[in-house]
Amino acid sequence: MSSNPDLAVIGAGPAGLAAAIRAREAGLERVVVLERGERPGGILLQCIHTGFGLQYFGEDLTGPEYSRRFAEKARDLGIQVHLETAVLEISRDRRLVAAGRSGLLSLEPASVVLAMGCRERTRAWAAIPGSRPAGIFTAGTAQRLINIEGYLPGRRIVILGSGDIGMIMARRLTLEGCRVEAVAEVLPYPSGSPRNEVQCLRDFGIPLLLEHTAVEVHGRERVEAVTIARVDSDRRPVSGSERRIECDTLLLSVGLVPENELSAMAGIELDPLTGGPLVDDRMETSVPGVFACGNVVHVHDLVDYVTWAGEAAGAAAASYAGRPEGEAQREGRIPVVAGRNIRYVVPQSLSRGHDVTLYLRVATPEEDVELRVGPRFLRRFKRVRPSEMLSLTIPARALQDTDGKLVVSCTTRQKAGA
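Notes on the structure follow. (Residues numbered from 1 in each chain as written. Predicted model: local features only at pLDDT ≥ 70, side-chain atom pairs only at ≥ 80, totals over all residues. Heavy atoms only, no water.)

**Some points on the overall build of the protein chain**
A count of helical and extended segments in the protein chain gives 8 helices and 28 strands. Its C-alpha radius of gyration of 22 Å places the protein chain within 12% of the 22 Å reference for a compact globule of 418 residues. When each of the 418 residues of the protein chain is scored for burial, the buried share is 52%. When contacts within the protein chain are restricted to residue pairs at least 6 apart in sequence, those whose partners lie at least 24 apart make up 62%. A total accessible area of about 18,900 Å² is found for the protein chain, and carbon and sulfur atoms account for 47% of it. A distance of 3 Å separates the average location of the 51 positive side-chain charges in the protein chain from that of its 52 negative side-chain charges. (Helix = DSSP H or I, 4+ residues; strand = E, 2+ residues; numbered from the N terminus. Rg over C-alpha atoms; globule rule 2.2 N^0.38 Å. Buried < 20%, exposed > 50% of the residue type's maximum accessible area, 1.4 Å probe, protein only. Contact = heavy atoms within 4.5 Å. Areas by Shrake-Rupley, 256 points an atom, 1.4 Å probe, with all protein chains shown as cover. Lys, Arg positive; Asp, Glu negative; His and termini not counted. Charge placed at Lys NZ, Arg CZ, Asp CG, Glu CD.)

Written out as structure tokens, the structure is:
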């Protein structure tokens, strides 16, 4: 492997592979991918359910089927994918140190794409009191145990959190003959997609307890029960509402966090709302020549969007490689600002002269709303939910009158006669 590649991609999940492929297709000869796992494909390797690729390929694929297409294309293009290789250091001037099968590697690529993905929040984040017995897993860990390793985590299950992985695992465990006693969600609405709520919970008769949380774990050697309670509007347990549920396993599906330790090490500016790097419409971070894509920027709903983001980052990284004028391209950027009921918007800045796609989430559910972007662009929705990421392609002409900043806001439509 050359110590001075044109592009180094960190992570061989769907975002990283898409970035590497697009950069290679754009003409870069020396493209390397550094992946700490044993196989390319990332988290999709353990997602054996269907629902992947409906938008990108127009086909209903499993996770391994989707990832295999990109892994095979990367191989056919001659992209070097180095497995079991962990990046240990990255500097602001794009110097990398990695540990691989043959020892330490030192790289100085012309450009870098960060595609490390995200990780699950743990019991420590959820702050669940009680003992520390065996039988407490994150939903993703349980998914790997069943689908990759061939082990059942338990037989009687309580799931805390209604994230997509948690609801998918509720169905998966039921199909394996386990009993899912309940899915408890602290919010007054599911935190995962409506499709998974229907297909994974309702269709299997699994109780979804909204505005509930776990307040104690019981058991010494192994989980014996979990006590849940209703919460008030401040998400504090309501005294007297406690309910003990006998079980041997507690799964946690309480959110995902972008993996950005390397980003912080490189001095990249992070968005406190997404947990990922601040990026422009080229997916370039605050450090010139370092790009980011996929779930390391913000958590996506669909792998199709992750792939498109990876392709955008790969194309921009290929354009940047060997070009010192990359810093000058930042001039004239329009900052994007989250307005009423918008939790975050990505990218956080953009340029004029071409169409751009914005990805965003609302802060709270609303119905019959107007989504306004700047002074001219408007789109109406029957309903919006924090669990559903919205994507909007803004035509270049809508940015012409933007002065200073682009405000994105969600407002309730006025009823006739109101």
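That covers the picture; the talk isn't over yet.
**Side note on the pairing of strand S28 (residues 406-412)**
Walk down a regular strand and you will see the side chains alternate between the two sheet faces. Here strand S21 (residues 334-338) pairs with S28 via 3 bridges, running parallel. By the bridge assignment for S28, Ala 338 is matched with Val 408. Inspection of the sheet shows strand S25 (residues 366-373) paired to S28 by 5 bridges, in the antiparallel sense. Within S28, the position partnered with Val 369 by the bridge is Thr 412. (Pairing = 2+ DSSP bridges.)

**Brief notes about the nonpolar core**
Judged by nonpolar contacts, the single largest core of 59 residues is most densely connected at Leu 7, Ile 10, Ile 90, Val 113, Leu 114 and Cys 293. The greatest single-element share of this core, amounting to 8 residues, is contributed by helix H8 (residues 303-320). Filtering out sequence-adjacent residues up to four positions away, Ile 10 remains in contact with Leu 34, Val 87, Ile 90, Leu 96, Val 112, Val 113, Leu 114, Ala 115, Met 116 and Leu 262. (Core = buried A, V, L, I, M, F, W, Y, C linked by side-chain atoms within 4.5 Å.)

**A short note on the sheet that holds strand S15 (residues 212-218)**
Spatially, 3 strands are ordered S15-S16-S17 in an open sheet, and the strand pairing comes out antiparallel. Each end of this open sheet is capped by a strand with a single partner; those strands are S15 and strand S17 (243-246). Neighbouring strand axes in the sheet, compared pairwise and without regard to direction, differ in orientation by 30 degrees on average. Taken together, the 6 bridges between S15 and strand S16 (residues 225-230) define a ladder with antiparallel strand orientation. From the neighbouring strand, Glu 216 faces S16, where its bridge partner is Thr 227. (Axes fitted to C-alpha atoms, helices over the stretch in contact; angles between N-to-C directions.)

**A look at the pairing of strand S27 (residues 390-394)**
Here S27 shows a clear split, with Leu 390, Leu 392 and Ile 394 buried on one side and none of Ser 391 and Thr 393 buried on the other. For strand S24 (residues 356-362) and S27, the ladder comprises 5 bridges, and the chain directions are antiparallel. Bridging across to S27, Thr 357 finds its partner in Thr 393.

**Details of the packing of aromatic side chains**
Taken as a whole and judged by the stated rule, the model has 9 aromatic pairs. Relative to Phe 57, the ring of Tyr 56 lies with its centre 4.9 Å away and its plane at 80 degrees, an arrangement referred to as edge-to-face. A ring pair is formed by Phe 57 and Phe 70, whose centres lie 5.8 Å apart and whose planes are at 55 degrees; its orientation type is tilted. Of this pair, Phe 57 sits in the loop between strand S3 (50-52) and strand S4 (61-62) while Phe 70 sits in helix H2 (residues 63-76), and the two are 13 residues apart along the sequence. Take Phe 57: its relative accessible area is 27%, and that puts it in the partly exposed class. Classification of Phe 70 as buried rests on a relative accessible area of 7%. Ring-pair connections join several aromatic residues into one group, and the members of that group are Tyr 56, Phe 57, Tyr 66, Phe 70, Tyr 305, Trp 308 and Tyr 359. We note Arg 69 situated over the ring of Phe 57; from NZ or CZ to the ring centre the distance is 4.7 Å. (Phe/Tyr/Trp six-rings, centres within 6.5 Å; stacked < 30°, edge-to-face > 60°. Lys NZ or Arg CZ within 6 Å of the ring centre and 35° of its normal.)

**Examining the environment of Ala 98**
Along the polypeptide, Ala 98 turns up in strand S7 (residues 96-100). Spatially, the C-alpha atom of Ala 98 lies 31 Å from that of Val 254, the residues being 156 residues apart in sequence. Those residues in contact with Ala 98 that lie beyond four places of it in its chain are Leu 34, Thr 85, Ala 86, Val 87, Leu 88, Gly 103, Leu 104 and Leu 105.

**Structural notes on the side chain of His 218**
Position of His 218 relative to the elements: it lies in strand S15. If we ignore the near neighbours within four places in the chain, the residues touching His 218 are Ser 131, Pro 133, Val 223, Glu 224, Ala 225, Val 226, Thr 227 and Arg 244.

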